[in-house]
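Below are the chains, spelled out letter by letter.
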Amino acid sequence: MTRPFLSRLLLIAMLALSPSVWAAWLSDEQPVMGTVVRIELWSDSGKSGQTAIAAVMEEMRRVDRLMSTYKEDSEISRVNREAARQPITISKELLELLERALRMSELTHGAFDITYASAGHLYDFPRKIKPSAEALAAALAAINYRHVALDRANSTVRFLRSGVRIDLGGIAKGHAVDRAIALLQARGIKHALVSAGGDSRVIGDRRGRPWTVGIRDPRQQDKVIAVVPLSNAAISTSGDYERYFEAEGVRYHHIIHPRSGQPASGVRSVTAVGADSTTIDALSTSIFVMGVKKGLALVESLPGVEAVVVDADGKIHYSSGWKRP
Ligand code: AMP
Ligand code: MG
(Lines give C-alpha, C1' and ligand atoms only; values in the text may rest on other atoms or scores of the structure.)
(Ligands and ions follow the chains in the order given, each with its own letter.)
Protein backbone atom coordinates (compact mmCIF):
# COMPACT_ATOMS: atom_id res chain seq x y z
CA MET A 1 0.00 0.00 0.00
CA THR A 2 1.27 3.44 -0.86
CA ARG A 3 1.59 6.18 1.72
CA PRO A 4 -0.91 8.65 0.12
CA PHE A 5 -3.48 5.85 0.04
CA LEU A 6 -2.93 5.10 3.73
CA SER A 7 -3.25 8.72 4.79
CA ARG A 8 -6.40 9.10 2.69
CA LEU A 9 -7.83 6.04 4.42
CA LEU A 10 -6.96 7.54 7.78
CA LEU A 11 -8.64 10.81 6.86
CA ILE A 12 -11.84 9.05 5.76
CA ALA A 13 -11.87 7.03 8.99
CA MET A 14 -11.43 10.20 11.04
CA LEU A 15 -14.24 11.98 9.22
CA ALA A 16 -16.54 9.02 9.69
CA LEU A 17 -15.72 8.92 13.39
CA SER A 18 -15.71 12.62 14.15
CA PRO A 19 -19.45 13.08 14.84
CA SER A 20 -19.35 10.15 17.25
CA VAL A 21 -16.40 11.66 19.10
CA TRP A 22 -18.93 14.11 20.50
CA ALA A 23 -22.02 11.93 20.55
CA ALA A 24 -22.17 10.01 23.81
CA TRP A 25 -24.23 8.91 26.77
CA LEU A 26 -23.82 11.37 29.63
CA SER A 27 -25.09 10.94 33.16
CA ASP A 28 -25.07 12.62 36.53
CA GLU A 29 -26.45 11.98 40.01
CA GLN A 30 -27.00 14.56 42.72
CA PRO A 31 -28.83 14.75 46.05
CA VAL A 32 -31.88 17.02 45.58
CA MET A 33 -35.39 17.05 47.14
CA GLY A 34 -34.34 14.69 49.91
CA THR A 35 -33.58 12.00 47.35
CA VAL A 36 -31.16 11.21 44.55
CA VAL A 37 -31.80 12.82 41.19
CA ARG A 38 -30.38 10.94 38.26
CA ILE A 39 -30.14 12.11 34.66
CA GLU A 40 -28.98 10.07 31.72
CA LEU A 41 -29.07 11.37 28.18
CA TRP A 42 -27.74 10.89 24.68
CA SER A 43 -25.93 13.99 23.55
CA ASP A 44 -24.86 14.81 20.01
CA SER A 45 -22.34 17.29 21.32
CA GLY A 46 -20.62 16.80 24.65
CA LYS A 47 -20.85 20.42 25.73
CA SER A 48 -24.58 20.96 25.13
CA GLY A 49 -25.32 17.68 26.92
CA GLN A 50 -23.39 18.82 29.99
CA THR A 51 -25.14 22.21 29.95
CA ALA A 52 -28.53 20.48 29.71
CA ILE A 53 -27.72 18.29 32.72
CA ALA A 54 -26.65 21.31 34.78
CA ALA A 55 -29.86 23.16 33.80
CA VAL A 56 -32.01 20.19 34.83
CA MET A 57 -30.30 19.87 38.23
CA GLU A 58 -30.83 23.58 38.82
CA GLU A 59 -34.50 23.25 37.82
CA MET A 60 -34.99 20.42 40.35
CA ARG A 61 -33.43 22.58 43.07
CA ARG A 62 -35.68 25.49 42.10
CA VAL A 63 -38.83 23.36 42.41
CA ASP A 64 -37.58 22.10 45.79
CA ARG A 65 -37.03 25.67 47.03
CA LEU A 66 -40.63 26.45 46.08
CA MET A 67 -42.35 23.33 47.35
CA SER A 68 -40.41 21.84 50.23
CA THR A 69 -42.11 21.97 53.63
CA TYR A 70 -38.65 21.34 55.12
CA LYS A 71 -37.58 24.80 54.00
CA GLU A 72 -38.92 27.65 56.17
CA ASP A 73 -38.70 30.16 53.33
CA SER A 74 -40.40 28.05 50.63
CA GLU A 75 -43.64 29.29 49.14
CA ILE A 76 -45.49 26.30 50.58
CA SER A 77 -44.19 26.97 54.11
CA ARG A 78 -45.46 30.53 53.91
CA VAL A 79 -48.87 29.25 52.79
CA ASN A 80 -48.95 26.85 55.75
CA ARG A 81 -48.12 29.66 58.16
CA GLU A 82 -50.59 32.24 56.85
CA ALA A 83 -53.37 30.82 54.65
CA ALA A 84 -55.76 30.05 57.53
CA ARG A 85 -55.87 33.78 58.31
CA GLN A 86 -56.09 35.33 54.84
CA PRO A 87 -55.80 34.52 51.14
CA ILE A 88 -52.13 34.22 50.17
CA THR A 89 -50.87 35.21 46.74
CA ILE A 90 -48.90 32.38 45.17
CA SER A 91 -47.01 31.75 41.94
CA LYS A 92 -48.87 30.44 38.92
CA GLU A 93 -46.75 27.29 39.10
CA LEU A 94 -47.82 26.51 42.68
CA LEU A 95 -51.45 27.43 41.93
CA GLU A 96 -51.54 25.04 38.98
CA LEU A 97 -49.97 22.21 40.96
CA LEU A 98 -52.46 22.76 43.79
CA GLU A 99 -55.27 22.59 41.20
CA ARG A 100 -53.93 19.30 39.93
CA ALA A 101 -53.62 17.95 43.48
CA LEU A 102 -57.25 18.88 44.20
CA ARG A 103 -58.39 17.29 40.93
CA MET A 104 -56.57 14.14 42.00
CA SER A 105 -58.47 14.25 45.31
CA GLU A 106 -61.77 14.32 43.42
CA LEU A 107 -60.67 11.49 41.13
CA THR A 108 -59.59 9.29 44.06
CA HIS A 109 -62.54 10.19 46.31
CA GLY A 110 -60.20 11.77 48.81
CA ALA A 111 -57.51 9.07 48.97
CA PHE A 112 -55.04 11.63 47.62
CA ASP A 113 -55.27 14.60 49.94
CA ILE A 114 -52.50 17.14 50.46
CA THR A 115 -54.13 18.21 53.75
CA TYR A 116 -53.06 14.78 55.12
CA ALA A 117 -50.23 16.94 56.47
CA SER A 118 -52.55 18.43 59.11
CA ALA A 119 -51.88 15.13 60.93
CA GLY A 120 -48.88 14.02 58.87
CA HIS A 121 -46.63 16.69 60.33
CA LEU A 122 -47.02 15.04 63.75
CA TYR A 123 -44.92 12.08 62.56
CA ASP A 124 -41.14 12.20 62.54
CA PHE A 125 -39.90 9.02 60.90
CA PRO A 126 -36.13 9.34 61.48
CA ARG A 127 -36.84 10.13 65.16
CA LYS A 128 -39.50 7.40 65.46
CA ILE A 129 -42.13 9.87 66.66
CA LYS A 130 -45.88 9.37 66.16
CA PRO A 131 -48.79 11.43 67.47
CA SER A 132 -50.69 10.53 70.63
CA ALA A 133 -54.31 9.44 70.14
CA GLU A 134 -55.49 12.83 71.44
CA ALA A 135 -53.24 14.87 69.16
CA LEU A 136 -54.30 12.75 66.20
CA ALA A 137 -58.00 13.12 66.99
CA ALA A 138 -57.60 16.89 67.24
CA ALA A 139 -55.79 17.08 63.88
CA LEU A 140 -58.21 14.84 61.96
CA ALA A 141 -60.89 17.49 61.46
CA ALA A 142 -58.42 19.61 59.51
CA ILE A 143 -57.80 16.84 56.93
CA ASN A 144 -60.06 17.51 53.97
CA TYR A 145 -58.96 18.84 50.60
CA ARG A 146 -62.19 20.86 50.47
CA HIS A 147 -60.66 23.12 53.13
CA VAL A 148 -58.26 24.40 50.44
CA ALA A 149 -59.83 27.23 48.43
CA LEU A 150 -58.07 28.42 45.29
CA ASP A 151 -58.80 31.64 43.46
CA ARG A 152 -57.41 31.30 39.96
CA ALA A 153 -58.16 34.86 38.85
CA ASN A 154 -56.27 36.38 41.79
CA SER A 155 -53.78 33.49 42.11
CA THR A 156 -54.43 32.99 45.81
CA VAL A 157 -54.91 30.12 48.21
CA ARG A 158 -56.84 30.17 51.44
CA PHE A 159 -57.53 27.53 54.10
CA LEU A 160 -61.16 27.49 55.20
CA ARG A 161 -60.38 26.48 58.78
CA SER A 162 -57.52 26.62 61.25
CA GLY A 163 -55.14 23.70 61.73
CA VAL A 164 -54.96 22.92 58.01
CA ARG A 165 -51.54 22.13 56.58
CA ILE A 166 -50.64 20.96 53.11
CA ASP A 167 -47.68 18.98 51.82
CA LEU A 168 -46.86 18.19 48.19
CA GLY A 169 -44.60 15.20 48.96
CA GLY A 170 -46.92 12.94 46.95
CA ILE A 171 -46.84 14.98 43.73
CA ALA A 172 -43.94 17.51 43.72
CA LYS A 173 -41.25 15.08 42.61
CA GLY A 174 -43.40 14.13 39.64
CA HIS A 175 -43.87 17.80 38.83
CA ALA A 176 -40.10 18.38 39.03
CA VAL A 177 -39.44 15.41 36.73
CA ASP A 178 -41.97 16.72 34.20
CA ARG A 179 -40.30 20.15 34.28
CA ALA A 180 -36.93 18.49 33.72
CA ILE A 181 -38.24 16.47 30.78
CA ALA A 182 -39.79 19.60 29.18
CA LEU A 183 -36.48 21.38 29.55
CA LEU A 184 -34.57 18.55 27.84
CA GLN A 185 -37.15 18.33 25.04
CA ALA A 186 -36.83 22.08 24.43
CA ARG A 187 -33.09 21.51 24.02
CA GLY A 188 -33.69 18.90 21.36
CA ILE A 189 -32.74 15.88 23.48
CA LYS A 190 -34.26 12.72 21.97
CA HIS A 191 -33.13 10.02 24.43
CA ALA A 192 -33.11 10.66 28.18
CA LEU A 193 -34.06 9.40 31.60
CA VAL A 194 -34.75 11.63 34.60
CA SER A 195 -35.45 10.07 37.96
CA ALA A 196 -36.03 11.51 41.41
CA GLY A 197 -36.27 8.72 43.98
CA GLY A 198 -39.26 6.57 43.00
CA ASP A 199 -40.32 8.80 40.11
CA SER A 200 -38.84 8.43 36.63
CA ARG A 201 -39.72 9.57 33.15
CA VAL A 202 -38.00 8.82 29.86
CA ILE A 203 -37.77 10.56 26.50
CA GLY A 204 -37.61 8.17 23.55
CA ASP A 205 -35.79 4.90 24.04
CA ARG A 206 -32.20 3.92 24.80
CA ARG A 207 -31.29 4.15 21.10
CA GLY A 208 -32.80 1.00 19.72
CA ARG A 209 -33.88 -0.69 22.95
CA PRO A 210 -36.23 0.43 25.68
CA TRP A 211 -35.17 2.02 28.92
CA THR A 212 -35.61 -0.31 31.86
CA VAL A 213 -36.65 0.54 35.41
CA GLY A 214 -36.65 -2.09 38.14
CA ILE A 215 -39.39 -2.46 40.75
CA ARG A 216 -37.75 -3.45 43.99
CA ASP A 217 -39.04 -6.11 46.32
CA PRO A 218 -40.59 -4.11 49.17
CA ARG A 219 -39.03 -6.39 51.78
CA GLN A 220 -35.66 -7.19 50.17
CA GLN A 221 -33.74 -4.11 49.23
CA ASP A 222 -31.46 -5.67 46.62
CA LYS A 223 -34.08 -7.82 44.89
CA VAL A 224 -36.40 -6.74 42.09
CA ILE A 225 -39.86 -8.17 41.46
CA ALA A 226 -40.01 -6.90 37.88
CA VAL A 227 -38.04 -4.98 35.31
CA VAL A 228 -40.24 -2.61 33.30
CA PRO A 229 -39.32 -1.67 29.71
CA LEU A 230 -40.24 1.94 28.92
CA SER A 231 -40.12 4.49 26.14
CA ASN A 232 -41.76 7.92 26.24
CA ALA A 233 -43.41 7.11 29.58
CA ALA A 234 -43.45 7.87 33.29
CA ILE A 235 -43.21 5.39 36.17
CA SER A 236 -43.67 5.93 39.89
CA THR A 237 -43.32 3.63 42.88
CA SER A 238 -44.76 4.33 46.33
CA GLY A 239 -43.59 2.03 49.09
CA ASP A 240 -43.97 1.54 52.83
CA TYR A 241 -40.20 0.95 53.05
CA GLU A 242 -39.09 4.42 51.98
CA ARG A 243 -39.63 6.31 55.23
CA TYR A 244 -40.76 4.33 58.23
CA PHE A 245 -40.06 3.04 61.70
CA GLU A 246 -41.44 0.12 63.63
CA ALA A 247 -42.99 0.26 67.11
CA GLU A 248 -44.99 -2.41 68.95
CA GLY A 249 -44.88 -4.56 65.82
CA VAL A 250 -46.52 -1.85 63.68
CA ARG A 251 -44.84 -0.30 60.66
CA TYR A 252 -45.36 3.47 60.75
CA HIS A 253 -44.67 4.72 57.26
CA HIS A 254 -45.11 7.93 55.31
CA ILE A 255 -48.26 7.30 53.26
CA ILE A 256 -51.15 8.46 55.39
CA HIS A 257 -54.79 7.48 55.10
CA PRO A 258 -56.69 10.79 55.17
CA ARG A 259 -59.63 9.28 57.10
CA SER A 260 -57.56 7.98 60.02
CA GLY A 261 -54.45 10.15 59.91
CA GLN A 262 -52.52 6.89 60.24
CA PRO A 263 -50.32 5.01 57.79
CA ALA A 264 -52.40 3.23 55.14
CA SER A 265 -52.37 -0.55 55.57
CA GLY A 266 -53.02 -3.41 53.16
CA VAL A 267 -50.31 -2.60 50.65
CA ARG A 268 -46.49 -2.70 50.63
CA SER A 269 -45.83 -1.02 47.30
CA VAL A 270 -47.52 0.35 44.21
CA THR A 271 -45.95 1.03 40.84
CA ALA A 272 -47.90 2.99 38.25
CA VAL A 273 -46.96 3.64 34.61
CA GLY A 274 -48.44 6.33 32.35
CA ALA A 275 -47.70 9.37 30.27
CA ASP A 276 -46.62 12.11 32.68
CA SER A 277 -44.88 12.06 36.06
CA THR A 278 -47.12 14.52 37.91
CA THR A 279 -50.21 12.36 37.39
CA ILE A 280 -48.41 9.07 37.90
CA ASP A 281 -46.65 10.24 41.08
CA ALA A 282 -49.97 11.26 42.64
CA LEU A 283 -51.62 8.09 41.37
CA SER A 284 -49.10 5.70 42.90
CA THR A 285 -49.63 7.37 46.29
CA SER A 286 -53.43 7.30 45.80
CA ILE A 287 -53.54 3.61 44.82
CA PHE A 288 -51.47 2.83 47.90
CA VAL A 289 -54.14 4.48 50.09
CA MET A 290 -57.08 2.95 48.16
CA GLY A 291 -55.74 -0.61 48.41
CA VAL A 292 -55.63 -3.44 45.88
CA LYS A 293 -59.29 -3.64 44.87
CA LYS A 294 -60.33 0.01 44.65
CA GLY A 295 -56.87 1.10 43.49
CA LEU A 296 -56.78 -1.31 40.56
CA ALA A 297 -60.42 -0.51 39.69
CA LEU A 298 -59.38 3.14 39.36
CA VAL A 299 -56.44 2.16 37.13
CA GLU A 300 -58.79 0.16 34.86
CA SER A 301 -60.91 3.29 34.40
CA LEU A 302 -57.95 5.43 33.29
CA PRO A 303 -56.74 5.10 29.69
CA GLY A 304 -52.98 4.72 29.31
CA VAL A 305 -52.33 3.86 32.95
CA GLU A 306 -51.20 0.46 34.27
CA ALA A 307 -50.14 -0.60 37.76
CA VAL A 308 -48.62 -3.35 39.87
CA VAL A 309 -49.51 -3.64 43.55
CA VAL A 310 -47.74 -5.74 46.17
CA ASP A 311 -50.21 -6.43 48.97
CA ALA A 312 -49.55 -6.86 52.70
CA ASP A 313 -48.92 -10.61 52.20
CA GLY A 314 -46.40 -10.02 49.44
CA LYS A 315 -48.81 -11.14 46.70
CA ILE A 316 -48.43 -9.26 43.42
CA HIS A 317 -51.49 -7.89 41.59
CA TYR A 318 -51.36 -6.55 38.02
CA SER A 319 -53.76 -4.30 36.11
CA SER A 320 -55.25 -5.99 33.04
CA GLY A 321 -53.05 -4.21 30.50
CA TRP A 322 -49.73 -4.74 32.32
CA LYS A 323 -47.38 -6.41 29.85
CA ARG A 324 -45.57 -9.24 31.57
CA PRO A 325 -42.44 -10.51 29.81
P1 AMP B 1 -44.83 8.89 47.22
O2 AMP B 1 -43.50 8.44 47.65
O3 AMP B 1 -44.91 9.53 45.90
O4 AMP B 1 -45.88 7.84 47.41
O5 AMP B 1 -45.27 10.06 48.19
C6 AMP B 1 -45.33 9.87 49.56
C7 AMP B 1 -45.46 11.22 50.16
O8 AMP B 1 -46.76 11.74 49.86
C9 AMP B 1 -45.36 11.23 51.66
O10 AMP B 1 -44.02 11.33 52.08
C11 AMP B 1 -46.16 12.47 51.98
O12 AMP B 1 -45.36 13.62 51.81
C13 AMP B 1 -47.24 12.49 50.92
N14 AMP B 1 -48.50 11.84 51.35
C15 AMP B 1 -48.70 10.92 52.31
N16 AMP B 1 -49.98 10.54 52.38
C17 AMP B 1 -50.64 11.24 51.42
C18 AMP B 1 -52.01 11.29 50.98
N19 AMP B 1 -52.96 10.53 51.51
N20 AMP B 1 -52.30 12.13 49.96
C21 AMP B 1 -51.35 12.92 49.39
N22 AMP B 1 -50.06 12.91 49.76
C23 AMP B 1 -49.69 12.08 50.75
MG1 MG C 1 -46.29 9.11 44.41
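Scope of this entry: the structure provided in the associated data block. Since we're looking at a predicted model, the values are computed, not measured.

Basis of the calculations
- Residues numbered from 1 in each chain as written.
- Chains lettered and ligands numbered in written order.
- Predicted model: local features only at pLDDT ≥ 70, side-chain atom pairs only at ≥ 80, totals over all residues.
- Heavy atoms only, no water.
- Near = heavy atom within 4 Å.
- Polar contact = N/O pair within 3.5 Å; in protein donor to acceptor, adjacent residues only side chain to side chain.
- Areas by Shrake-Rupley, 256 points an atom, 1.4 Å probe, with all protein chains shown as cover.
- Helix = DSSP H or I, 4+ residues; strand = E, 2+ residues; numbered from the N terminus.
- Nonpolar A, V, L, I, M, F, W, Y, C, P; charged D, E, K, R; others polar.
- Contact = heavy atoms within 4.5 Å.
- Phe/Tyr/Trp six-rings, centres within 6.5 Å; stacked < 30°, edge-to-face > 60°.
- Buried < 20%, exposed > 50% of the residue type's maximum accessible area, 1.4 Å probe, protein only.
- Lys NZ or Arg CZ within 6 Å of the ring centre and 35° of its normal.
- Core = buried A, V, L, I, M, F, W, Y, C linked by side-chain atoms within 4.5 Å.
- Pairing = 2+ DSSP bridges.
- Axes fitted to C-alpha atoms, helices over the stretch in contact; angles between N-to-C directions.
- Salt bridge = Lys/Arg side-chain N within 4 Å of Asp/Glu carboxyl O.
- Donors = N, O, S within 2.8 Å, 3.2 Å for Na, K, Ca; no water.

1. Quick look at the site of ligand 1
Okay, step 1: Inspection of the region around ligand 1 gives 17 residues, with Tyr116, Ser238, Arg243, Ile256 and Asp281 positioned closest.
Okay, step 2: Between ligand 1 and Gly170 there is a distance of 3.1 Å, counted from an oxygen atom to a backbone nitrogen or oxygen.
Okay, step 3: Between an oxygen atom of ligand 1 and a side-chain N or O atom of His254, the distance comes to 2.8 Å.
Okay, step 4: Alone, ligand 1 offers 500 Å² of accessible surface; in the complex the protein occludes 97% of this.
Okay, step 5: The element contributing the most residues to the shell around ligand 1 is helix α8 (residues 277-301), with three residues.
Okay, step 6: Grouping the amino acids of the shell around ligand 1 by side-chain chemistry returns seven nonpolar, five polar and five charged.

2. A word on the side chain of Ser236
Okay, step 1: Structurally, the position occupied by Ser236 is in strand β10 (residues 234-239).
Okay, step 2: Engagement of the side chain of Ser236 in a polar contact is seen with the side chain of Ser284, the distance being 2.8 Å.
Okay, step 3: Among residues more than four places away in sequence, those in contact with Ser236 are Gly198, Asp199, Val270, Thr271, Ala272, Ile280, Asp281 and Ser284.

3. Quick word on the packing of aromatic side chains
Okay, step 1: Applying the stated criterion to the full structure yields five aromatic pairs.
Okay, step 2: Both rings, one in Phe125 and one in Phe245, keep their centres 6.1 Å apart while their planes meet at 45°; by these two values the pair is tilted. Placement of Phe125 in the loop between α5 (117-120) and α6 (133-140) and of Phe245 in strand β11 (residues 244-247) is noted, with a sequence separation of 120 residues between them. Each member of the pair, Phe125 as well as Phe245, is classed as buried.
Okay, step 3: With 5.3 Å between their ring centres and 20° between their planes, Phe245 and Tyr252 make a pair best called stacked.
Okay, step 4: Taking relative accessible area as the criterion, Tyr252 reaches 11% and is therefore assigned buried.
Okay, step 5: Put simply, the rings of Tyr123, Phe125, Phe245 and Tyr252 touch in pairs and so form one group of aromatic residues.
Okay, step 6: Here the guanidinium or amino end of Arg206 rests over the ring plane of Trp25, the centre of that ring lying 4.3 Å away.

4. Remarks on the nonpolar core
Okay, step 1: In terms of nonpolar packing, the biggest core is built from 70 residues, with Leu41, Met60, Val79, Leu168 and Leu184 touching the most fellow members.
Okay, step 2: In this view, Met60 contacts Val32, Met33, Val37, Ala176, Val177, Ala180, Val194 and Ala196; residues no more than four positions away in its chain are not counted.

5. Overview of the sheet that holds strand β4 (residues 148-151)
Okay, step 1: Strand order in the open sheet made by the three strands is β3-β5-β4, with antiparallel pairing throughout. Bordering the open sheet on either side are β3 (88-89) and β4, each of which pairs with just one other strand.
Okay, step 2: Each of β4 and β5 (156-159) touches helix α4 (residues 92-107); the most contacted strand, β4, lies at about 135° to it.

6. Looking at the pattern of salt bridges
Okay, step 1: This model, assessed by the stated rule, comprises 21 salt bridges.
Okay, step 2: A salt bridge links Arg62 to Glu59, with the shortest nitrogen-to-oxygen separation between them at 2.9 Å. Of the two residues, Arg62 and Glu59 are both situated in helix α2 (residues 46-67); the distance of three residues between them amounts to about one turn of the helix.
Okay, step 3: On the basis of relative accessible area, Arg62 is assigned to the partly exposed category, the value being 25%.
Okay, step 4: Taking the relative accessible area as the measure of exposure, Glu59 reaches 10% and is therefore buried.
Okay, step 5: Here Arg179 and Glu59 are joined by a salt bridge, their closest N and O atoms 2.9 Å apart. Residue Arg179 is located in helix α7 (residues 172-186), and its partner Glu59 is located in helix α2; the two are separated by 120 residues in the primary sequence.
Okay, step 6: Classification of Arg179 as partly exposed rests on a relative accessible area of 34%.

7. Some thoughts on the coordination of the magnesium ion (ligand 2)
Okay, step 1: Protein coordination of the magnesium ion (ligand 2) is provided by Asp281 (O), Asp281 (OD) and Thr285 (OG1), with donor distances spanning 2.2 to 2.4 Å. Of this pair, Asp281 and Thr285 both sit in helix α8, separated by four residues, roughly a single helical turn. Comparing Asp281 with Thr285 shows no difference in burial state: the two are buried.

8. Some points on helix α3 (residues 75-82)
Okay, step 1: For α3, every residue scored as buried is listed here: Glu75, Ile76, Ser77, Val79 and Asn80.
Okay, step 2: Buried residues in α3 make contact with α2, β3, α4 and β5.

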